[in-house]
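One letter stands for each residue in the lines below.
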Amino acid sequence: MVRTLPPFRIMSQSLHTTIKDLQKDMYYGNEVLNRVSFLREDTEFISKSLFHPSTRFIFFNKQNPLVHKNFANMLTIMTNGDKQVCVDQIEPGQSNNLGYTGNLQFLPLGLMNHVPHWKEILHTWNEDNKNMDKSLRSKGKPTFLFMGLLDESVGLDINSLKVDCELNGDEKYLDHQGRYQGIAYYAVDVSSNKELCRNLVHFVNDTINEKFQTDKTPEENGVFFTHSRKHFLTFESKEASLFSQGAMFFHWLTTNKFCPGCGHPTIPIHAGGKLYCTNEETITANDDTAAAAAAAATASTSDRPNAKSACPVKSAPVSNVSFPRTDMAVISIITNTDRSKILLSLGKRHFTSKMYSCTAGFMEPSETVEIATKREIWEETGVTCDEVNVVMTQPWPFPSNLMIGCIGVVEFNGTNELIHLGHDNELLDARWFDTSFVRKLVYPEQVTEADKDFNPEGIMIPMGQSIAYNLIKMCVDEEDENNKEEYKL
Ligand SMILES: [Zn+2]
């Protein structure tokens, strides 16, 4: 007899390790950089890192990153200075020594001296950022986002860079106050400056032509800002996370151009980490008529102790036009207590591919993750879930979601497990599958010749990069562990 296991109370070491690894290596959620988010508002640090030769720049046209077709699974990351450390300079067998520095195979030249107007653009943005200048969003001005530092906390071998500096003379990493050492990464949205877009594409293209002694156009070489999901879902995992961070921030910055409290334009301050309302009107306390607000606009708040900003957002105790947006959605694998059954469902838009997946939906205000998960499961499948546990999470940059992955356990009693699709009518089908069947979808290489016709309907499960796949796999592995001798009475 197999003992019934509540989720994660009794767990083998190997399964525990697997879940820990999944949590760490989640696609789009890899910790590539130390975000050092407190340094975003340190204008001295921002100025220093912005002009440093080692600094990396990842360019976006809106949320679409620059790629090159021969390395379409990587971003085209550029540096300010020449001859910075590249991936292909790492000695074979030592690929983990240096840490991740980006795809620079084709870019021995830096932006500073080779892309027209790049230096002026840096100077202008630096001054605007320092002064919180209202023109930060003016036409022609790119939007900068300080993404973080590649440092020792995320695997950079700073000593190998020190050696490189001594050998070659160039600075290969930034040192801020002896406390923060590493390579700074910026994302730049160049969609408002078509000339810069073109210059960047030509810069990459010229470098490729020089390396291969060719004379091809950017179209022939395949240098472009990609908007293809094919690329977004096939980036290598670290590249995917950098893409995700940039795309999600730029989506937030570009869709919040006006203050929700007063309608004035907003600007991105703190190197892209915060939105600021440009309304400078003030109002005296207890006097909030429009006329008073207009009259008060001539005096500054410091002149009048009772004055506060006319914008309700700016005068709130915690003032932020909108925090960087991330919309939370719950996604759950539904199973029974001994994991021998898994409920998967077919959404209406997947009917042609027969892709059965986990149940998912957006969280509502004032709802816990656990209750939202139970609600979504019941609304979509009619099944009543007894217990919910959060297992893993995944950022999903289409456009700005955080998927909260849960396991929902249904105690079979003749009623709880009954499927009913008529509540919100979102699904075409939902079924309890035997876990042994789902295992063959997760591990197709283990399907024997005798079993090759196990799936006559052609049922599919989601791709490996998704949290849905990882939740399904985790449940299958858990059932496997459950069946092992050590758990049997
Ligand atoms: Zn406002």
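- Looking up the protein chain in an unreviewed UniProt entry gives the name NAD(+) diphosphatase, with the organism given as Candida orthopsilosis.
- Per UniProt, the protein chain carries the Catalytic activity (unreviewed entry) text "a 5'-end NAD(+)-phospho-ribonucleoside in mRNA + H2O = a 5'-end phospho-adenosine-phospho-ribonucleoside in mRNA + beta-nicotinamide D-ribonucleotide + 2 H(+)".
- We quote the UniProt Sequence similarities (unreviewed entry) comment for the protein chain here in full: "Belongs to the Nudix hydrolase family. NudC subfamily."

1. Re the overall build of the protein chain
(1) Moving on: Across its full length, the protein chain holds 13 helices and 18 strands.
(2) Moving on: Nonlocal contacts in the protein chain, meaning residues at least 24 apart in sequence, comprise 72% of its contacts between residues at least 6 apart.

2. Some details on the packing of helix α2 (residues 43–51) against helix α4 (residues 118–131)
(1) Moving on: Look at α2 against α4: their axes get within 10 Å of each other, and the N-to-C directions meet at 170 degrees. Considering the angle they form, α2 stands roughly antiparallel to α4. Here α2 contributes T43, I46, S47, L50 and F51 to the contact with α4, which in turn contributes L122, N126, N129 and K130.
(2) Moving on: The class makeup of the residues in the contact of α2 with α4 is 4 nonpolar, 4 polar and 1 charged.

3. What about the confidence of the model for the protein chain?
(1) Moving on: The share of residues in the protein chain with pLDDT of 70 or more is 87%, and the mean pLDDT across the chain is 88.
(2) Moving on: Overall, residues 1–10 carries pLDDT values under 50, and its contacts beyond four positions in sequence, including any with other chains, amount to 18 contacts.
(3) Moving on: Residue range residues 298–302 is modelled with pLDDT below 50. Its contacts to residues more than four positions away, or to other chains, number 6 contacts.

4. Concerning helix α12 (residues 435–442)
(1) Moving on: Those residues of α12 that fall on the buried side of the exposure criterion are T435, V438, R439 and L441. All buried residues of α12 project into a common sector of 160 degrees when viewed along the axis, lining one side.
(2) Moving on: On its buried side, α12 packs onto β13 (341–347), β18 (427–434) and α13 (467–483).

5. Quick word on the packing of α12 against α13
(1) Moving on: Viewed as axis vectors pointing N to C, α12 and α13 meet at an angle of 125 degrees, and their least axial separation amounts to 10 Å. For the element pair α12 / α13, the angle class is oblique. Once α12 is placed against α13, the crossing between them reads as left-handed. The residues of α13 that touch α12, namely those facing T435, V438, R439 and V442, are I472, K473, V476 and E479.
(2) Moving on: Grouping the constituent residues of the contact of α12 with α13 by class yields 4 nonpolar, 1 polar and 3 charged.

6. A few points about the pairing of strand β8 (residues 266–269)
(1) Moving on: Note: β8 against strand β9 (residues 274–277), 4 bridges, orientation antiparallel. When the sheet's bridge partners are listed, P268 is paired in β9 with L275.

7. Things to note about the environment of K69
(1) Moving on: Looking at the secondary structure, you find K69 in the loop between β2 (64–68) and β3 (77–79).
(2) Moving on: For K69 and E219, which are 150 residues apart along the polypeptide, the C-alpha to C-alpha distance reads 9.9 Å.

8. What to know about the nonpolar core
(1) Moving on: Among the nonpolar cores identified, the biggest contains 97 residues, and Y186, L200, L471 and I472 are the most heavily contacted of them.
(2) Moving on: Top element by residues in this core is helix α9 (residues 237–254). It accounts for 8 residues.
(3) Moving on: Structurally, this core is a two-domain feature, drawing no fewer than three residues from each of domain 1 (19–153 + 171–254) and domain 3 (327–487).
(4) Moving on: Sequence-distant contacts of Y186, defined by excluding residues within four places in its chain, comprise T55, F57, F144, L145, F146 and M147.
(5) Moving on: Counting 11 residues, the second-largest nonpolar core is a separate cluster that includes L136, C259, C277 and V321.

9. Some words on helix α11 (residues 369–381)
(1) Moving on: Given a rise of 1.5 Å per residue, 13 residues ought to cover 18 Å, and the 18 Å separating the end C-alpha atoms of α11 matches this to within 8%.
(2) Moving on: Listed in full, the buried residues belonging to α11 are A372, T373, K374, E376, I377, E380 and T381.
(3) Moving on: Those residues of α11 that are buried lie in contact with β12 (327–336), β13, β15 (359–362), β16 (387–396), β17 (401–410) and β18.
(4) Moving on: Just beyond α11, the residue with positive phi is G382, at close to 80 degrees.

10. As for unusual backbone geometry
(1) Moving on: That bond from F398 to P399 is cis: its omega, 0 degrees, falls within 30 degrees of zero.
(2) Moving on: The residue P399 is located in the loop between β16 and β17 in this model.
(3) Moving on: Positive phi values are uncommon outside glycine, yet Y28 reaches one of about 75 degrees.
(4) Moving on: Inspection of the secondary structure assignment puts Y28 in the loop between α1 (13–24) and α2.
(5) Moving on: For Y28, a count of 26 C-beta atoms within 10 Å puts it in the buried group.
(6) Moving on: Despite not being glycine, Q177 has its phi angle at roughly 60 degrees, a positive value.
(7) Moving on: Within the element layout of this structure, Q177 appears in the loop between β5 (174–176) and β6 (180–189).
(8) Moving on: Residue classification places Q177 among the exposed positions, given that 10 C-beta atoms sit within 10 Å.

11. Focus: the pairing of β2
(1) Moving on: Burial runs high along β2: 5 of the 5 residues are buried.
(2) Moving on: Relative to β2, strand β1 (residues 56–61) runs antiparallel, the two being bridged by 2 bridges. Paired with F60 across the two strands is P65, which belongs to β2.
(3) Moving on: Turn length for the β1-β2 hairpin, with the two strands adjacent in sequence and antiparallel, is 2 residues, and the turn residue K62 shows positive phi of about 60 degrees.
(4) Moving on: Relative to strand β7 (residues 223–225), β2 runs antiparallel, the two being bridged by 3 bridges. In the sheet register, V67 faces β7, and the bridge partner there is F224.

Calculation rules
- Residues numbered from 1 in each chain as written.
- Predicted model: local features only at pLDDT ≥ 70, side-chain atom pairs only at ≥ 80, totals over all residues.
- UniProt positions renumbered as here; feature names shortened; annotations may be inferred.
- Helix = DSSP H or I, 4+ residues; strand = E, 2+ residues; numbered from the N terminus.
- Contact = placed C-beta atoms within 7 Å.
- Axes fitted to C-alpha atoms, helices over the stretch in contact; angles between N-to-C directions.
- Parallel < 35°, antiparallel > 145°, perpendicular 65-115°, else oblique.
- Nonpolar A, V, L, I, M, F, W, Y, C, P; charged D, E, K, R; others polar.
- pLDDT = per-residue confidence, 0-100.
- Buried ≥ 20, exposed ≤ 12 C-beta atoms within 10 Å, placed from the backbone.
- Arc of directions from axis to C-beta.
- Left-handed = near helix turned anticlockwise from the far one by under 90°.
- Pairing = 2+ DSSP bridges.
- Core = buried A, V, L, I, M, F, W, Y, C linked by C-beta atoms within 7 Å.
- Domains from an automatic or database assignment.
- Expected span 1.5 Å × (residues − 1).

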